[in-house]
Amino acid sequence: MFSGAVLIIIAVLIAVIVFANGEVSDKPVLFETNAEYVEGIDVSSHNGQINWKSVANSTDFAIIRAGYRGYGTGKIVADPAFEENMDAANKAGIPAGVYFYSQAISPDEAREEAEFVLDLIRGYDVDLPVFIDFEYAHGSSGELTGRLYEQELSSSEASQIINAFCGTVTHSGKYAGVYSSSSMLNMHVDTSKLDNNLYIWVADYNEAVTYLGAYDIWQYTKNGTCGGVNSRSVDLNYWFINN
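Residues numbered from 1 in each chain as written. Predicted model: local features only at pLDDT ≥ 70, side-chain atom pairs only at ≥ 80, totals over all residues. Heavy atoms only, no water.

Undergrad: Report on the overall build of the protein, specifying residues and quantitative values.
TA: Helix and strand counts for the protein come out as 6 helices and 15 strands. Residues classed as buried in the protein amount to 53% of the 243 residues present. Considering only residue pairs separated by 6 or more positions, the protein has 65% of its internal contacts joining residues 24 or more positions apart. When the accessible surface of the protein is split by element, carbon and sulfur atoms take 46% of a total near 11,200 Å². (Helix = DSSP H or I, 4+ residues; strand = E, 2+ residues; numbered from the N terminus. Buried < 20%, exposed > 50% of the residue type's maximum accessible area, 1.4 Å probe, protein only. Contact = heavy atoms within 4.5 Å. Areas by Shrake-Rupley, 256 points an atom, 1.4 Å probe, with all protein chains shown as cover.)

Structure, rendered in structure tokens:
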């Protein structure tokens, strides 16, 4: 772990990321370290009670679920543990971002989700990006289901939804990004049309990331452990800095 990593709130270091489509994007480097990567967790109410002082001694950053849109009802709901987690993470001094589990089927719905998150995080220190979690829902038997899956969006329409969410976030002065699986990004999102200033957070539980584009964060397991998190498992991530 690199507990000495210092968050740069006002970005003065610039990382130049070259995407697979040949375009260049300038994104602030949010950690000051000579290491290749920093390590972090992402959590929600499913992780139960969290000792954030212990988390701050165990990892370098945290991304906290702000809320979700129901994949059946379409209703927007705040994560039941968001306020407790965000307040405690801030008090513990751990760099934090947030994510929202989206089921938006139009740019207007995506902007609605982003506005909901921005209202929710007002007053908190959220110095890492606000991510849209863009993925299909799974039913009780593991089958793909839900309003996003059933809409059968084109990959171009999917990228428009992601850009609408992230554009609303960046317009507010926050950093923005998208979380999804390698397969979702490769097959169901036209990533060449994503805004270049977005942070890309990829879930891939293989030995190497299979997403075909450039990425910033790799969620490499959902079965990890972290001091301060008492649930049976927690998502673990590498945030690449100097690669």
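Undergrad: Quick rundown of the nonpolar core? Include the residues and the values.
TA: One finds Ile41, Trp52, Val98, Phe134, Ile162 and Phe165 to be the most contacted residues of the largest nonpolar core, which totals 55 residues. Contacts of Val98, omitting those with residues within four sequence positions, involve Ile63, Ile64, Ala66, Phe82, Met86, Val117, Ile121, Val126, Pro129, Val130 and Phe131. Grouped together as the second largest cluster of nonpolar side chains are 16 residues, Val29, Leu128, Tyr199 and Ile217 included. (Core = buried A, V, L, I, M, F, W, Y, C linked by side-chain atoms within 4.5 Å.)

Undergrad: Mind laying out the packing of helix α3 (residues 107–121) against helix α5 (residues 155–171), listing which residues take part and the relevant values?
TA: In contact at an axis separation of 8 Å, α3 and α5 are set at 30° when each is read in the N-to-C sense. Taken together, the axes of α3 and α5 are roughly parallel relative to one another. In this structure, α3 meets α5 at a crossing whose hand is right-handed. Where α3 abuts α5, its residues Pro107, Ala110, Arg111, Glu113, Ala114, Glu115 and Leu118 lie against Gln160, Ile161, Ala164, Phe165, Thr168 and Val169. Split by residue class, the contact of α3 with α5 holds 8 nonpolar, 2 polar and 3 charged. (Axes fitted to C-alpha atoms, helices over the stretch in contact; angles between N-to-C directions. Parallel < 35°, antiparallel > 145°, perpendicular 65-115°, else oblique. Left-handed = near helix turned anticlockwise from the far one by under 90°. Nonpolar A, V, L, I, M, F, W, Y, C, P; charged D, E, K, R; others polar.)

Undergrad: Give me the lowdown on the packing of aromatic side chains, citing residues and values where you can.
TA: Geometrically, a pair of aromatic rings is defined through the distance of the ring centres and the angle of the planes. Counted under the stated rule, the structure contains 18 aromatic pairs. Consider the rings of Tyr37 and Tyr238, whose centres lie 4.6 Å apart with planes at 50°: the pair is tilted. Of this pair, Tyr37 sits in strand β5 (residues 37–43) while Tyr238 sits in strand β15 (residues 234–240); the two residues are 201 residues apart in sequence, bridging distant segments of the chain. Ring plane angle 65° and centroid distance 4.5 Å describe the contact between Tyr179 and Trp201, whose orientation is recorded as edge-to-face. One end of the pair, Tyr179, is in strand β12 (residues 176–181); the other, Trp201, is in strand β13 (residues 199–203), with 22 residues separating them in the sequence. When sorted by exposure, Tyr179 lands in the same class as Trp201, which is buried. In this arrangement the basic side chain of Lys27 is found over the ring face of Tyr199, its NZ or CZ atom lying 5.1 Å from the centre. (Phe/Tyr/Trp six-rings, centres within 6.5 Å; stacked < 30°, edge-to-face > 60°. Lys NZ or Arg CZ within 6 Å of the ring centre and 35° of its normal.)

Undergrad: Explain α5 residue by residue, including any values.
TA: End to end, α5 covers 24 Å across 17 residues, agreeing with the expected 24 Å (1.5 Å per residue, within 8%). Where α5 is concerned, the buried positions are Ser156, Ala158, Ser159, Ile161, Ile162, Asn163, Ala164, Phe165, Cys166, Thr168 and Val169. Where α5 is buried, its residues meet β8 (96–102), α3, β9 (130–134), β12 and α6 (182–188). One or two positions beyond α5, positive phi appears at Gly173, with a value near 100°. (Expected span 1.5 Å × (residues − 1).)

Undergrad: Lay out α3 in plain terms, naming residues and giving numbers.
TA: A turn of α-helix holds 3.6 residues, and therefore any two residues three or four places apart point the same way. Helix length check: α3, at 15 residues, gives a terminal C-alpha distance of 21 Å against a target of 21 Å (1.5 Å per residue), a fit within 8%. Of all the residues in α3, the buried ones are Glu109, Ala110, Glu113, Ala114, Val117, Leu118, Leu120 and Ile121.

Undergrad: Tell me about the pattern of salt bridges, residues and numbers included.
TA: With the rule as written, the count across this model stands at 9 salt bridges. For Asp108, the salt bridge goes to Arg111, with nearest N and O atoms at 2.7 Å. Of the two residues, Asp108 and Arg111 are both situated in helix α3; the distance of 3 residues between them amounts to about one turn of the helix. For Arg111, a relative accessible area of 36% puts it in the partly exposed group. Connected through salt bridges with shared partners, the residues Arg69, Glu112 and Glu113 form a single ionic network. (Salt bridge = Lys/Arg side-chain N within 4 Å of Asp/Glu carboxyl O.)

Undergrad: Which residues make up the side chain of Asp216, and what are the values?
TA: Structurally, Asp216 is set in the loop between β13 and β14 (217–224). At 2.8 Å, the side chain of Asp216 forms a polar contact with the backbone nitrogen of Ile200. (Polar contact = N/O pair within 3.5 Å; in protein donor to acceptor, adjacent residues only side chain to side chain.)

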